[in-house]
Amino acid sequence: MKSAIITGGGQGIGKGIAIALLKKGYAVLLAEYDREAGEESATELAALGTARFVHTDVADEEQVRHAVAAAVEMGDLTLLVNNAAILANGPVDQLERAEWDRVLAVNLTGPFLCAREAAPHLRANRGSIVNIGSTRALMSEPGTEAYSASKGGITALTHALAMSLGPEVRVNCISPGWIDVSGWKKQSVRRPDALSNEDHTQHPAGRVGTPEDIARLVLFLADPANDFVTGQNFVVDGGMTRKMIYL
């Protein structure tokens, strides 16, 4: 059986990816920092296949090693999805150094550590890595310095890893735009977003995105039949980064 690691797989986009992989027959390791979300999702997703939660701070080398070892126990590790990320948004002149460091540690150092530890297994199984970036690597709102910088780093880390690990391992990045994850959070904080008609129609595609939109592309990139695709960043944002806006 193939196994996959999804960091931050307990809720949001990560959970959507986990469901899609389970339906394709993967054993899925949810490497999740939020214990409540991880335990809840592992229990829920067990109905779809083999799903296991391992409490993981991706910025901690030993915890990353433990998560990789657990995934290897579940099957042939063929996919790593680096999805875990945190925010520290606010006025730049009030951003504490510790907040900056923590965002970079989770959002950028974490994917590096996961890729480094998983690489020998992925090489052996000719697997792939999918990094979840963000359109914030390409455009910003005020007060997003740490998050945007970390996601910009992810796009560069993607092509660097693709060169270092190829041809045995393919490495690609997905940069989501506005994805509505309100229905994909843990039960204790799950609240439907009150999306307006304008929220949807401002997108050239006519709607806000969903976790399934990202999960479908993960499946494509994980498919060995698509082995000519590596080192790329795929923007999935309903066309928003291509939209010219005039006041």
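As a starting point, this report considers the structure included with it. (Residues numbered from 1 in each chain as written. Predicted model: local features only at pLDDT ≥ 70, side-chain atom pairs only at ≥ 80, totals over all residues. Heavy atoms only, no water.)

**A short note on the side chain of Asp 57**
As for its position among the elements, Asp 57 is in the loop between β3 (51–55) and α3 (61–74). Under the relative-accessibility criterion, Asp 57 is labelled buried at 14%. Within the structure, the side chain of Asp 57 is placed 3.0 Å from the backbone nitrogen of Ala 59, a separation counted as a polar contact. Ignoring sequence-local partners within four residues, the contact set of Asp 57 consists of Tyr 33, Gln 63, Val 64 and Arg 102. (Helix = DSSP H or I, 4+ residues; strand = E, 2+ residues; numbered from the N terminus. Buried < 20%, exposed > 50% of the residue type's maximum accessible area, 1.4 Å probe, protein only. Polar contact = N/O pair within 3.5 Å; in protein donor to acceptor, adjacent residues only side chain to side chain. Contact = heavy atoms within 4.5 Å.)

**Overview of the pattern of salt bridges**
With the rule as written, the count across this model stands at 15 salt bridges. Glu 40 is paired through a salt bridge with Arg 190; the nearest N and O atoms lie 3.8 Å apart. In this pair, Glu 40 is assigned in helix α2 (residues 35–45) and Arg 190 in the loop between β6 (170–176) and α6 (197–201), connecting sequence segments 150 residues apart. Taking relative accessible area as the criterion, Glu 40 reaches 22% and is therefore assigned partly exposed. Among the ionic pairs, Arg 65 bridges to Glu 61, the shortest N-O distance being 3.6 Å. Note that Arg 65 and Glu 61 are positioned in helix α3 at a spacing of four residues, about one turn of the helix. On the basis of relative accessibility, which here comes to 35%, the residue Arg 65 falls in the partly exposed class. (Salt bridge = Lys/Arg side-chain N within 4 Å of Asp/Glu carboxyl O.)

**Quick look at the packing of helix α4 (residues 97–124) against helix α5 (residues 145–165)**
Close contact between α4 and α5 brings their axes to 9 Å; oriented N to C, the two are set at 20°. Relative to α5, the element α4 is oriented roughly parallel. Crossing of α4 over α5 shows right-handed handedness. Counting all contacts with α4, which are made through Trp 100, Val 103, Leu 104, Asn 107, Leu 108, Pro 111, Phe 112, Ala 115, Ala 119 and Arg 123, the residues of α5 involved are Glu 145, Ala 146, Tyr 147, Ala 149, Ser 150, Gly 153, Ile 154, Leu 157, Leu 161, Ser 164 and Leu 165. Counted by class, the contact of α4 with α5 contains 15 nonpolar, four polar and two charged residues. (Axes fitted to C-alpha atoms, helices over the stretch in contact; angles between N-to-C directions. Parallel < 35°, antiparallel > 145°, perpendicular 65-115°, else oblique. Left-handed = near helix turned anticlockwise from the far one by under 90°. Nonpolar A, V, L, I, M, F, W, Y, C, P; charged D, E, K, R; others polar.)

**Some thoughts on unusual backbone geometry**
In this model, Gly 166 is joined to Pro 167 through a cis peptide bond whose omega is 5°. By the secondary structure assignment, Pro 167 is in the loop between α5 and β6. For Arg 126, which is not a glycine, the phi torsion comes out positive at approximately 50°. Position of Arg 126 among the secondary structure elements: in the loop between α4 and β5 (128–132). Residue classification places Arg 126 among the exposed positions, given a relative accessible area of 52%.

**What about the packing of aromatic side chains?**
Overall, the coordinates contain zero aromatic pairs when judged by the stated rule. In this arrangement the basic side chain of Arg 102 is found over the ring face of Tyr 33, its NZ or CZ atom lying 5.9 Å from the centre. (Phe/Tyr/Trp six-rings, centres within 6.5 Å; stacked < 30°, edge-to-face > 60°. Lys NZ or Arg CZ within 6 Å of the ring centre and 35° of its normal.)

The analysis is restricted to geometry; functional conclusions fall outside its scope.
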